[in-house]
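Architecture and fold: a report
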Amino acid sequence: MSLTNNNTFQLLKSLLFDIRVWVLILFLVRMENLNQPPLDAHSYRQTITLGIARNYVEWDADFLRPRTILCDSRPGYEITEFPILNYLIAGFWSVFGQQNWIFRLIGIVVASFGVWSLYHILRRLIEPRAALAGAVLFGTSVAFSYARKAMPDVFSVSLVLVGIHFAMRYLERGRMGHLLAFIAFAALGMLSKIPAASAMVLLAPMILMKNDLGWDKKGRLIGAGIAAVALMGLWYFVWIPGLEKEYGQGWYMNIGLEKAWHEIWVEAWPDTKTRFFPIALQGRLAFFAFLAGLVLMFVKKQWKMVMIWGLYSVVFLYFILQVGKTFSHHEYYIIPYVVVMASIAGLGLHYLLKNDWAFIAVLAIMAAEAIYWKKEDFFTPWNEQKFTKLESLTDQYIPKDAKILVNGDNLNPKMMYFAHRRGWSVIDRMKDSAWVAGENTVGMDYLVIDRNMWKEPLPWNKLYEDNEFQIYKVKKD
């Protein structure tokens, strides 16, 4: 082989083993159809997030008291996770207008930093090849598509990973700026979604097994971690309980450990197991690497990873026992645990394939397989496209400040969001004319009906009808 060819292969190899190249590739792949409306999977959860963001822009910018678009006749105050993602979206919307690419780009950027941070975290715990594979497999896991959605799940975990990376840099360099960045990013991540706190376990080996670090640094890091957790606690266990009393509504789920255990492992077991396979890593090859990694980390005496896996599993089990079968029925609830699954899968791949070119080839195949299964989510299903015309349609017949009723599902904000209004969402209660007349006295002036969900005529003044929607006027002139 000539020297030129050898140099070319070395350059290619260095690129393929550079995490920045993989982060860039994942970033660019996620950018496809960036302005897609939130009608991909879990539009319900996305339009909750975006409805709150829109209300920050158009109604009330009080950060501590977010408002929902499903407000019926009430002020619409909503008890929710710490609304930093909603407020961030609202801020950019205030500048650029309410474009879909904004919330998707925010998620993709934050997720990219999360993948990059996980790699540098794992570099301090396992071999560089294993760290690379672990970070890439996390990036192509179920987190791949959810990073594009207006949901806090990947966003929250990614922020915590960024914070942990700063924590490790603090331990190595002793800079207070890194410690403060750890507190800020870790706190914001955990505030955005409590289960993201599981990732804090990644710091355990650095504190408990790294003997060359002084306890002065470790002590400050532990104190900083406690401060970040305390900030999370203030929101969820002080502020939210106060709002529950003030608003007269509950938020926190606590169904009891025994009941939750039965729901997860007995009642909903078929759904529970699919969270771990095939949903978590999105591919058979990646899951096989995870199983191999579970065995090999003991065989190869990778005690740091054994510690992380054990502690991570205990902490995450506690979280899923708080919600029971809700975990089993929502695929994105597994995202925090995917961090450790991907890391162990990366370790497994590293030990199974010693040849660098074979290693990279199989990693690329794993990534391609995972992305393939989620690519359809980058495009709006044909039966959902009708909602994109709903705002222009309602603008023709309904004043912008009028409250409306939409049908389809109880408390589902999707139709309300695309109508760009506020009000009521029901399944079929609009058939009760006495109830509709009563709600009209407190502001329900119009009905927007999805004809696919309700086909019977209603006893109100019909303003519009096509094959998909009807608009009725309840308000008397």
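Residues numbered from 1 in each chain as written. Predicted model: local features only at pLDDT ≥ 70, side-chain atom pairs only at ≥ 80, totals over all residues. Heavy atoms only, no water.

A short note on the sheet that holds strand β1 (residues 403-407)
One open sheet accounts for five strands, arranged β2-β1-β3-β5-β4; its pairing is mixed. Since the sheet does not close on itself, it has two edges, and those belong to β2 (422-426) and β4 (461-465), each with one partner. Averaged over all pairs of adjacent strands, the angle between strand axes in this sheet comes to 25°, irrespective of strand direction. Of the strand pairs in this sheet, β1 and β2 are connected by five bridges, and their pairing is parallel. Residue pairing in the sheet places Val 406 in a bridge with Ser 425 of β2. Helix α21 (residues 433-440) rests against β1, β2 and β3 (444-450) of the sheet, and its axis sits at about 135° to β3. (Pairing = 2+ DSSP bridges. Helix = DSSP H or I, 4+ residues; strand = E, 2+ residues; numbered from the N terminus. Axes fitted to C-alpha atoms, helices over the stretch in contact; angles between N-to-C directions. Contact = heavy atoms within 4.5 Å.)

Side note on the nonpolar core
The biggest cluster of nonpolar side chains holds 140 residues, and the ones touching the most others in it are Phe 138 and Phe 182. Sorting elements by how many residues they give to this core places helix α17 (residues 335-352) first, with twelve residues. Not counting chain neighbours up to four residues away, the residues in contact with Phe 182 comprise Gly 163, Ile 164, Phe 166, Ala 167, Ala 187, Met 200, Leu 203, Leu 221, Ala 224 and Gly 225. Listed in part, the 14 residues of the second largest apolar core include Trp 435, Leu 447, Leu 458 and Trp 460. (Core = buried A, V, L, I, M, F, W, Y, C linked by side-chain atoms within 4.5 Å. Buried < 20%, exposed > 50% of the residue type's maximum accessible area, 1.4 Å probe, protein only.)

Overview of the pattern of salt bridges
A full pass over the atoms with the stated rule returns 28 salt bridges. For Lys 193, the salt bridge goes to Glu 81, with nearest N and O atoms at 3.9 Å. Remark: Glu 81 occurs in the loop between α3 (43-58) and α4 (84-96) and Lys 193 occurs in the loop between α9 (176-192) and α10 (204-208); sequence separation between them is 112 residues. Of the residues examined, Lys 193 reaches a relative accessible area of 10% and is grouped as buried. Exposure remark for Glu 81: the relative accessible area of 15% places this residue in the buried category. In this structure, the salt-bridge partner of Asp 377 is Lys 149, at a minimum N-O distance of 2.4 Å. Of this pair, Asp 377 sits in the loop between α18 (356-374) and α19 (390-397) while Lys 149 sits in the loop between α7 (143-146) and α8 (152-173), and the two are 228 residues apart along the sequence. With a relative accessible area of 11%, Asp 377 lands in the buried category. One continuous salt-bridge network, built from bridges that share partners, spans Asp 40, Arg 104, Lys 149 and Asp 377. (Salt bridge = Lys/Arg side-chain N within 4 Å of Asp/Glu carboxyl O.)

Remarks on the packing of helix α5 (residues 100-123) against helix α6 (residues 128-139)
In the contact formed by α5 and α6, the axes pass within 8 Å of each other and the chain directions differ by 150°. When the interaxial angle is binned, α5 and α6 end up roughly antiparallel. The handedness of the crossing between α5 and α6 is right-handed. In this structure, α5 uses Val 115, Leu 118, Tyr 119, Leu 122 and Arg 123 to contact α6, whose residues at the interface are Pro 128, Ala 131, Leu 132, Gly 134, Ala 135, Phe 138 and Gly 139. (Parallel < 35°, antiparallel > 145°, perpendicular 65-115°, else oblique. Left-handed = near helix turned anticlockwise from the far one by under 90°.)

Remarks on the packing of aromatic side chains
A full pass over the atoms with the stated rule returns 29 aromatic pairs. Between Phe 63 and Phe 82, the aromatic rings sit 5.0 Å apart at their centres with planes inclined by 70°, giving edge-to-face as the arrangement. A residue pair is termed long-range when its members are at least 10 positions apart, and Phe 63 in the loop between α3 and α4 and Phe 82 in the loop between α3 and α4 qualify at 19 residues. Per residue, the accessibility class of Phe 63 equals that of Phe 82, and both read buried. An aromatic cluster is present here, built from Tyr 56, Phe 63, Phe 82, Tyr 87, Trp 235 and Trp 239 joined pairwise through their rings. Its end group placed over the ring of Phe 359, Arg 129 keeps NZ or CZ at 4.3 Å from the ring centre. (Phe/Tyr/Trp six-rings, centres within 6.5 Å; stacked < 30°, edge-to-face > 60°. Lys NZ or Arg CZ within 6 Å of the ring centre and 35° of its normal.)

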